[in-house]
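A structural walkthrough
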Amino acid sequence: MAARANDVWKVYGSGEAQVAALRGVNAEFERARFTAIMGPSGSGKSTLMHCLAGLDSVTRGTIHIGDTAVTGLGDAGLTKLRRDKVGFIFQQFNLLPTLTALENILLPLSIAGRKPDKEWLDTVIDTVGLRDRLGHRPAQLSGGQQQRVACARALASRPDVIFADEPTGNLDSRAGAEVLGFLRRSVAEYQQTIVMVTHDPVAASYAGRVIFLADGQIVSELIEPTPETVLDTMKKLDGLAEAGL
Amino acid sequence: MLRATLKSLLARKVRLVLSGLAVVLGVMFVSGAFVLTDTLGRSFDTVFSDAYAGTDVGVSAKPKIDVGEMEGMEVAGTFPASALEQVRGVSGVASATGLAAADGARVIGSNGKVLTSVGAPQFGSNWTGESGQVELREGRGPTADNEVAVNGAVAKAAKLAVGDRVGILTLQPKREFTVVGIFGYGGDRDSLGGAQEVTFTERAAQELMLGQPGVFSELSVKAADGVDPAKLRDDIAGTLGDGYVVKTGEQLSEDASAGLKEGLAFFNNILLGFAGVALFVGIFLILNTFSIIVAQRTRELALLRAIGAGRRQVIGSVLVEAVAIGLVASVLGLGAGIGVGALLAYVFGQTAGGLQLAGLGVPPAAVISSFAVGLVVTVIAAVLPAMRAARIPPVAAMQDVATPDRPLTKISVAGAVVSAIGGTLMAFGLSGTGGNTLLTILGGVLLCFIGVALLTPLISRPVVGLLGRLFSWSVPGKLGRLNSGRNPRRTAITAAALMVGIALVTGVTVILDSAKSSITALAEDTIQAELVISGAQTGPRPPSFDPAVLDQAAEVPGVAMVAGLYGDRAVVGGKQGWITATSSVPALREIYRATPTAGSIDSLGPNQLLVDSKTAKDRGLSVGDTVPVQLSRGDAQNYTLTGIYAESELFGGFVIPASAAANFAVPQPTQAYLKLAPGASVDQVMPRVETLLADSPEVSVADRADFIEQQAGQLDGLLTMIQILLALAIVIAVLGIVNTLALSVLERTRELGLLRAIGLRRGQTMRMITVEAVVISVFGALLGVAVGAGLGAAVVRALREDGITNLVLPWSEMGLFLGLAAVVGVVAAVLPAIRAARLNVLGAIAHE
């Protein structure tokens, strides 16, 4: 198991203004698997991912990444976790504008003070197809290329889990497809574990498994989804929600 | 990680240069001070090694009174001519020359005034022929007592040629001489270190420079070939016995140079004072820049945290930036400092009448202190922002975390505590009970500034709101006002930097104006003389005049009484202090309205003295006591205390009769008070007294009001100097405002784009930024004026015992500062405003 959430609650505010973003979420994410988390706005999918990655604290429950209990770690422990076991891909790419593509890719390793594994690095760079762009700065790259740099950055340190937050949210469909294809390949070929938050059914269909969140709880799950089955499930959930109203 | 830090640093060059500029200025003054003292110090070394070039061993006598470098003039001891014969008899002596030399040969120039010399001595001595470095250029040495030879510096300054007549003031009043020779020094120099030199015959020099015939002040001994000067020195010392100071030429030159270098320490301290102020204000500036940069880089720093950077690495990355800026600023500051040091050394050399400068030197101390100061200041300033950066949550990389408006409670409490400590420290220092009072007061002031700076965010809300209302008649004005209140901490630090400078200027002005007003009031109250003869003192030697003037003035119709005053340092009853001699005790008593508390103060006979009641009490003296008195010349004599007068702030200390003043360092009166007969007119008497002073060009006569004005006016020069010093602090603060605004504009790019998109015109945009700047700077000035007036008033209050009884608040200056601040705000806003107005609307909206 790469990551696990046990009865996770996340409550913001207190008293009257109390809002529960997560209400008793139980979820497991297997190794070498590409899992998508879907749900309407405000369903808590981003909060769940932040909690899983140790970026945000939980109100109740436990989170594990590999064998490490994330809940209960101090800042130093969380820093080490992020450095060694977790990788991130953001919607806004979040590359350092002053560094070249290669320097951005190597940044997590250089922060950790580790030497890159040359062979693996070459594999990653070839997989994302950026060999001739390594000396460019982010501003000289297209959105798709920037996001592929971000993917390579996440992969370079071979983390236990990569968390991707709407990685195609800022890309057109062709660039998005490239990035998603690349993520799927890294799962299939290099046994990488990826957890992706998205609201795009097409993006979700690249995953091997989709879990659906609504109102802070897991409400459904799909294995080997297609865009159509994802869309159907979402419609069904919307229907339920409307009926609930 | 290091590379990421350095690259991001390079990407933000301009704003870092701005913030580093304050450090550059500070470091510049530090290194400039060291370069200047080093260069001048080595130049002095050269001058003195030249001056003593012909001397293997020098003999002098111990001075009667040891006077400190900054305390006044020391009179060299003299010894009889027989010592010269004794020394000539010592084996190993090739030749020995007796010198009768002293400072204080004041040549009257073609304009009727005494030649000025800025710091350099005006030597008078006997002509000893062409020896050492001395080379006759024209004419010959003096052979008659009314002949002189002068050095090139004197000849040029007084436009003298061989055959000219020239008036010279010495221990005696003006005398006329014929110039028979003009001499220079090896290397075609007019002067050694700017010194003016006049040479007389031996007899004239003894009389005019030492005050006694048949004595010398110095012997210059040349050793025979192969004789070691150190051994010869010991032999001569053995022959002469006690009371003589025997040194090798090398020692003499080192000692003389060391004495002057002590004087240079004063310059050094002024420059270091500049540096201190610049660096203190610079800390605010750097702190603010880093805070803003950290705020702007939130996402970037959060990303680093998200991909595994620890808190320490983030702190490290910010501090590395600080170190880099500190290094660059130190290098630039060092370079600028070398320039400033060289320039000041050149100016000094010119004003000192052509001091030949040794090559420009950069001592290791300059380099080390530059880097130490530059780095330490920058890093200290960056510590707080770095710690704030480390607290950015990694999740901020994924979402726009609204930075919560942190409550100001903690910082305000801290501010109150620090201000209180500072205030207490100041009170402690001012009460004079602490050990090192000046340091305690400075520490207190410093803490007060920091405390007030911490309190500023709290104060800024209501005050900035109120100030802003003055400008909010239009929409841009309102936006500007709201912007300046938006981030109270940022506004506060920017304003606090301005506060420091303005508070210091205001505080010093309050103190000096109060002192001036108090002295004026006191003098008007006390001094009962209609006319005063005095001159402006520019060096250790007070201006003096012919004592005959005292008697002549008393004869002028309408003059009722004349009190001539002579002053010097003396050892009275074993303690060194100031002593006054007067030509007329009754006149002095009348003029200062002195009242006796014991004995009589109506007259003084030979070897009788008076003292004020406070000194009498401190020393445990009572009327009838015998007190030994050692003056600058002659032997110690016993005086009898015949009267004690009530102490007053304007006049105090021991008083002896004028007959004893012959043994003073300056045996001529330095001041005289003239009381007119009832009904006599000042306008009629003054011109007559003026004509009496024709041969005493160092002094003039003034009526009472002018005299008091002159005395109080001496403080004006000090005030001007301090104001110039502090203008620098204000310039740095202005840089701070420019910096803050520029960064704010950058930060609000998207917002500005939006405002422009919905129709804000360019002019309106500029007005908005300008209002923000003016509000910040006026706020800073307001704080500065308030804090400065408070500090000044506290000091004045503490000095009440010392006679500063009037508290004067310089309202017009304070108003001027506020007005200036508004102008400063407008000026500071120019560049950021232009930048904001030029924004490309579309690009700005898309800006992240």
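Since the structure is predicted, the reported quantities are computational estimates derived from the model, not experimental observations.

Parameters and conventions
Residues numbered from 1 in each chain as written. Chains lettered and ligands numbered in written order. Predicted model: local features only at pLDDT ≥ 70, side-chain atom pairs only at ≥ 80, totals over all residues. Heavy atoms only, no water. Core = buried A, V, L, I, M, F, W, Y, C linked by side-chain atoms within 4.5 Å. Buried < 20%, exposed > 50% of the residue type's maximum accessible area, 1.4 Å probe, protein only. Helix = DSSP H or I, 4+ residues; strand = E, 2+ residues; numbered from the N terminus. Domains from an automatic or database assignment. Pairing = 2+ DSSP bridges. Lys, Arg positive; Asp, Glu negative; His and termini not counted. Salt bridge = Lys/Arg side-chain N within 4 Å of Asp/Glu carboxyl O. Polar contact = N/O pair within 3.5 Å; in protein donor to acceptor, adjacent residues only side chain to side chain. Contact = heavy atoms within 4.5 Å. Axes fitted to C-alpha atoms, helices over the stretch in contact; angles between N-to-C directions. Parallel < 35°, antiparallel > 145°, perpendicular 65-115°, else oblique. Nonpolar A, V, L, I, M, F, W, Y, C, P; charged D, E, K, R; others polar. Buried area = accessible area lost by both parts, 1.4 Å probe. Expected span 1.5 Å × (residues − 1). Bend = angle between axes of the 7 residues up to and from the residue.

Overview of the nonpolar core
- Judged by nonpolar contacts, the single largest core of 87 residues is most densely connected at F284, M426 and F449 of chain B.
- Here this core takes 16 residues from helix α21 (residues 762-798) of chain B, the largest share from any one element.
- Domain assignment of the residues forming this core places at least three in each of domain 1 (1-55 + 250-404) and domain 3 (459-528 + 703-848) of chain B.
- V86 and L99 of chain A together with V24 and I392 of chain B belong to the second-largest nonpolar core, a separate cluster that totals 63 residues.

Some points on the pairing of strand β19 (residues 608-612) of chain B
Residue and element names in this part refer to chain B.
- The buried fraction of β19 is high, at four of five residues.
- The sheet contact formed by β19 and strand β21 (residues 637-645) spans five bridges and is parallel. Looking at the pairing, L609 lines up with L641 of β21.

Comments concerning the side chain of D612 of chain B
Residues and elements named next belong to chain B.
- When you line up the elements, D612 lands in strand β19.
- For D612, which is buried and forms no salt bridge, the nearest opposite charge comes from K614, at a distance of 6.8 Å.
- Reaching out from D612, the side chain makes a polar contact with the backbone nitrogen of K614 at a distance of 3.1 Å.
- If near-sequence neighbours (up to four positions away) are discounted, D612 is found in contact with I644, Y645, E647, G652 and G653.

As for the sheet that holds strand β7 (residues 161-165) of chain A
All names here are of chain A.
- Pairing is mixed in the open sheet, where six strands are placed in the order β6-β7-β8-β3-β9-β10. Both outer strands of the open sheet, β6 (86-89) and β10 (217-223), are each paired with one neighbouring strand and no more. The mean inter-strand angle of the sheet, taken between neighbouring strand axes irrespective of direction, is 20 degrees.
- Note: strand β9 (residues 209-214) against β10, six bridges, orientation antiparallel.

Concerning the environment of T97 of chain B
All names here are of chain B.
- With respect to the helices and strands, T97 occurs in strand β3 (residues 93-99).
- The spacing of T97 and T765 is 668 residues in sequence and 83 Å in space, taken between C-alpha atoms.
- The residues contacting T97, other than those within four sequence positions of it, are L84, T128, E218, L219 and S220.

Comments concerning the pairing of strand β15 (residues 531-534) of chain B
Residue and element names in this part refer to chain B.
- On β15, burial covers both faces: L531 and I533 on one face and V532 and S534 on the other are all buried.
- In this sheet, strand β24 (residues 700-703) lies alongside β15 in antiparallel orientation, the contact comprising four bridges. When the sheet's bridge partners are listed, L531 is paired in β24 with D703.

Focus on the packing of helix α14 (residues 488-526) of chain B against helix α19 (residues 704-747) of chain B
Residue and element names in this part refer to chain B.
- Where α14 meets α19, the closest approach of the two axes is 8 Å, and the angle between their N-to-C directions is 175 degrees. One way to sum up the angle between α14 and α19 is to call them roughly antiparallel.
- Along the lines of polarity and charge, the residues of the contact of α14 with α19 split into 21 nonpolar, eight polar and eight charged.

Side note on the interface of chain A and chain B
- With 23 residues of chain A in contact, the opposing surface of chain B contributes 24 residues.
- Taking both partners together, chain A and chain B bury about 2200 Å²; carbon and sulfur atoms supply 61% of that area.
- Where chain A touches chain B, the interface holds two salt bridges.
- For R305 of chain B, the salt bridge is made with D75 of chain A, and the minimal N-O distance between the two is 2.6 Å.
- Taken together, the links from chain A to chain B amount to six residue pairs in polar contact (both at pLDDT 80 or more).
- At the level of elements, α1 (45-52), α2 (75-84) and α3 (101-112) of chain A are the ones that each hand at least two residues to the side of chain A that touches chain B.
- With five residues, the single largest contributor to the side of chain A that touches chain B is α3 of chain A.
- A breakdown of the residues in the side of chain A that touches chain B according to their chemical character gives nine nonpolar, seven polar and seven charged.

Thoughts on the sheet that holds β3 of chain B
Residues and elements named next belong to chain B.
- Spatially, four strands are ordered β3-β13-β1-β14 in an open sheet, and the strand pairing comes out antiparallel. If you trace the sheet from one side to the other, it starts and ends with β3 and β14 (244-248), each paired once. The average undirected angle you get between the axes of adjacent strands in this sheet is 20 degrees.
- Sheet analysis places strand β1 (residues 57-61) next to strand β13 (residues 218-223), joined by four bridges and oriented antiparallel. Across the sheet, S60 pairs through a bridge with E218, a residue of β13.

Considering α14 of chain B
Residue and element names in this part refer to chain B.
- Taking 1.5 Å of rise per residue, 39 residues should cover 57 Å, and α14 covers 53 Å from first to last C-alpha, within 8% of that figure.
- Most pronounced at M499, the bend in α14 amounts to some 25 degrees.
- For α14, a buried count of 29 out of 39 residues is recorded, marking the element as mostly surrounded by other parts of the structure.

Examining the domain arrangement of chain B
Residue and element names in this part refer to chain B.
- Taken domain by domain, chain B consists of domain 1 (1-55 + 250-404), domain 2 (56-249), domain 3 (459-528 + 703-848) and domain 4 (536-698).
- Measuring from the centre of the C-alpha atoms in domain 2 to the corresponding centre in domain 4 gives 31 Å.
- Between domain 2 and domain 4, a total of about 1900 Å² is buried, with carbon and sulfur atoms accounting for 58% of that surface.
- Area buried by domain 2 at its contact with domain 4 is led by K64, I65 and M73, which between them contribute 33% of it.
- In this structure, E698 engages R106 in a salt bridge whose closest nitrogen and oxygen atoms are separated by 2.5 Å.
- Remark: the boundary between domain 2 and domain 4 carries seven residue pairs in polar contact (both at pLDDT 80 or more).

Some words on α19 of chain B
- Compared with the 64 Å implied by 1.5 Å per residue over 44 residues, the 64 Å span of α19 of chain B between its first and last C-alpha is a close match.
- The axis of α19 of chain B is deflected most strongly, by about 30 degrees, at A712 of chain B.

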